[in-house]
Amino acid sequence: MSRHVAIVGAAETDRLGKLPHLSRLGLHAEAARNALADAGIAMTEVDGIFSSVADPNELSEYFGIVPRYIDGTNVGGCSSIIQVRHAAAAIAAGYCSVALIVHGESGRSWIDMERPGTAASPTGQFEAPYGAAGAATLFALPVLRHFHQFGTTKLQMAHVPAATREWALLNPKSMMHSAGAITPEDVLASRIVCYPFNLLDCCLVGDGGGALVLVAADRARDFAKPPVFVRGTGEAVAHRQVAMMRDFTTSDSTVLSARQAFAEAGVTAADFRHLMFYDAFSFTPMMFLEDLGFCAKGESGPFVAQTARGADGRVIYHTGPGGPLPMNTNGGGLSHVHTGRYGMFALIEAVTQLRGEAGARQVRDLELSLVHGPGRHFAAAGTVVLSNR
Amino acid sequence: VVELEEGPRLMTNIEIDDPTPETLRIDMPVEVAFRAVTETVTLPVFRPAP
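Residue indices begin from 1 for each chain and proceed along its sequence in written order. Just so you know, chain letters begin at A and ligand numbers begin at 1, following the order they were written in. For this predicted model, a pLDDT threshold of at least 70 governs which residues receive local features, and a threshold of 80 or more governs which side-chain atom pairs are given and counted, while totals over whole chains, interfaces and linings are taken from all residues. The side-chain quantities take in all heavy atoms of the structure and omit both hydrogens and water.

Q: I'd like a rundown of the sheet that holds strand β4 (residues 99-106) of chain A, residues and numbers included.
A: Residue and element names in this part refer to chain A. Strand pairing is assigned whenever DSSP detects at least two bridges linking the two strands. Strands here are runs of E lasting at least two residues and helices are runs of H or I lasting at least four, both read from the DSSP assignment and numbered beginning at the N terminus. The nine strands lie next to each other as β3-β2-β4-β7-β1-β8-β13-β12-β9, forming an open sheet whose pairing is mixed. Of all strands in the sheet, those with a lone pairing partner are β3 (69-71) and β9 (275-277), marking the two edges. Neighbour-to-neighbour, the strand axes of this sheet turn through a mean angle of 20 degrees, independent of strand direction. Both strand β2 (residues 48-50) and β4 contribute to a ladder of three bridges, which runs parallel. When the sheet's bridge partners are listed, F50 is paired in β4 with I101. Pairs of residues are marked as contacts when any of their non-hydrogen atoms sit within 4.5 Å. Note on geometry: axes are lines fitted to C-alpha atoms, helical ones only across the stretch in contact, with angles between N-to-C directions running from 0 to 180 degrees. Contacts from helix α9 (residues 252-265) reach β8 (228-237), β12 (368-375) and β13 (380-387), with the element oriented near 150 degrees to β8.

Q: For the packing of helix α1 (residues 24-39) of chain A against helix α2 (residues 56-63) of chain A, give the residues involved together with the corresponding values.
A: Residues and elements named next belong to chain A. Two numbers describe how α1 lies on α2: the axes approach to 11 Å, and their chain directions differ by 65 degrees. By the criterion of interaxial angle, the relationship of α1 to α2 is roughly perpendicular. The chirality of how α1 crosses α2 is right-handed. Mapping the contact onto sequence places R24, L25, G26, H28, A29 and A32 in α1 and E58, L59, Y62 and F63 in α2. Basically, the charged four are Asp, Glu, Lys and Arg, the nonpolar ten are Ala, Val, Leu, Ile, Met, Phe, Trp, Tyr, Cys and Pro, and anything else, Gly included, counts as polar. In terms of residue class, the contact of α1 with α2 is made up of six nonpolar, two polar and two charged. The cut-offs work like this: below 35 degrees is roughly parallel, past 145 is roughly antiparallel, 65 to 115 is roughly perpendicular, and the gaps in between are oblique. Handedness of a helix crossing follows the sense of rotation of the near helix relative to the far helix, less than a right angle counterclockwise being left-handed and clockwise being right-handed.

Q: Describe helix α13 (residues 343-355) of chain A, listing the residues and the values that go with them.
A: All names here are of chain A. A helix is expected to span 1.5 Å multiplied by its residue count minus one. With 13 residues, α13 ought to run about 18 Å at 1.5 Å a step, and its terminal C-alpha atoms sit 19 Å apart, in line with that. Counting buried residues along α13, 13 of its 13 residues qualify, which places the element largely inside the surrounding structure. Note on α13: the residue one or two positions beyond its end, G356, has a positive phi of about 80 degrees. In this scheme, a residue with accessible area under 20% of its type's maximum is buried, one over 50% is exposed, and one in between is partly exposed, where area comes from a 1.4 Å probe on protein chains only.

Q: Just give me the short version of the interface of chain B and chain A, but keep the residues and values in it.
A: Contact residues are listed per partner, giving 12 residues for chain B and 16 residues for chain A. Throughout, the accessible surface (probe 1.4 Å) given up by two parts as they are put together, summed over both, is called the buried area. Of the roughly 1,200 Å² buried between chain B and chain A on both sides combined, carbon and sulfur atoms contribute 62%. Any Lys or Arg side-chain nitrogen found within 4 Å of a carboxyl oxygen on Asp or Glu counts as a salt bridge. The interface formed by chain B and chain A contains one salt bridge. When the shortest N-O distance is used, the salt bridge between D27 of chain B and R145 of chain A registers 2.9 Å. Under this definition, polar contacts are N or O atom pairs within 3.5 Å; protein pairs additionally need one hydrogen-donor-capable and one acceptor-capable atom, and for neighbouring residues in sequence, both atoms have to be side-chain atoms. On inspection of chain B and its partner chain A, the count reaches seven residue pairs in polar contact (both at pLDDT 80 or more).

Q: Residues and numbers for the nonpolar core, please.
A: Residue and element names in this part refer to chain A. Residues F197, L212, L214, L289, F294 and L386 are the most contacted members of the largest nonpolar core, which totals 79 residues. For this core, the element with the highest residue contribution is α13, accounting for eight residues. Apart from residues no more than four positions distant in its own chain, L386 is found in contact with I7, V228, F229, V230, A350, V351, L354, E367, L368, S369 and V371. Only buried residues count toward a nonpolar core, which is a set of Ala, Val, Leu, Ile, Met, Phe, Trp, Tyr and Cys residues joined through side-chain atoms within 4.5 Å.

Q: With reference to specific residues and values, describe the environment of T249 of chain A.
A: Residue and element names in this part refer to chain A. Inspection of the secondary structure assignment puts T249 in the loop between β8 and α9. Taking C-alpha positions, T249 is 9.3 Å from L144, a pair spaced 105 residues apart along the chain. Filtering out sequence-adjacent residues up to four positions away, T249 remains in contact with R145, H146, Q149, F150, M287, E290 and K297.

Q: Account for the pattern of salt bridges, naming residues and giving values.
A: Residues and elements named next belong to chain A. Per the counting criterion, the structure on display carries 20 salt bridges over all chains. Of the charged contacts in the structure, one is a salt bridge between E58 and R24, with a shortest N-O distance of 2.7 Å. Of this pair, E58 sits in helix α2 while R24 is found in helix α1, placing the two residues 34 residues apart along the sequence. A relative accessible area of 25% means that E58 is categorised as partly exposed. R355 is the salt-bridge partner of E357, the closest N and O atoms lying 3.4 Å from each other. For E357, a relative accessible area of 36% corresponds to the partly exposed category. Salt bridges linked by common partners bring D38, K225, R355 and E357 together as one network.

In structure tokens, the structure reads:
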């Protein structure tokens, strides 16, 4: 179904980082304006709205449109990724013809944002009283089990932020573009946040947004930019509270989501040379490398810690620039931006790479990209396979 | 997270004097204790089993 749909517009907000002059809705508006301009299409043409940080009804008012299809899927960081699937289904069903998936989040300045959860909720009753309430505390538990079961180390894990920073140094929009390279040893030397995470193991906290415009593939050549086709999608949810995760070393939602996306696209892990794996923490994409079949279960530590030396003596990380498996080439949630829900930024980078618009960080001869993200510490998952052919 | 002998799992705290990755070992046996938070709220917590 979804192979009949294409992304024809994709853009971030003008800037990312500390943007106290833009509210949550203002960030949505700037992202939508930029993505529609990228596609060369007017807001009045949009008849489907997909959002999670803002309700679709808030956006219909703010944008001055009356969409005939709405989706407010709200399962954490991967909501935008799942909404690519929902938009593809809605377009294929004829429920809308121009789908706008839009994200805006004042994660740092916190302008018109709400604190989630109440004391009476399951997490409020059964997890928060024990101090398990912030992302670092919740994402830490599966990592500790992985360390225990497979011998994975903090030093291996620290290669992920080091490799990801290399990409941010090549992306002028990244919050850490001018912050300089970091080594795995620098990660271990940064201050502890919540064992086993040090500061540089943790994603950024920023303001920003982004949006995608999707239409039926048979119209895709009518727009300003080369289309990027949606070849396969998946989604799943497995639990809500982290203590209810069936097996702390496997994300059940990830496995089911990826299986659907791979089957629909007719691909396997071996077909990909570009990955956008949501990096809320250094460990997060390591779980996906295992669960999506890029390495065996338990082996992501040694896998990401492989390095080589370039002709100039510089370290080449396995997933960094010049390495065999480019991952999170925008600089990721670790060094590009993270507003609270990062999925949209991963999608935009995949589109940017497939269009050949990624400048100094462009991965050459790319046809396929794989976007995968979690929602709420491996509880939900969304997968999208994108292609420029 | 503690898994009870009966099967269910719960988020909790392990109360020991010097919690470090070395002293707070995964899969160590623990037993329940109760922490009074207020006059009406008491939370189950766990301590290393003797």
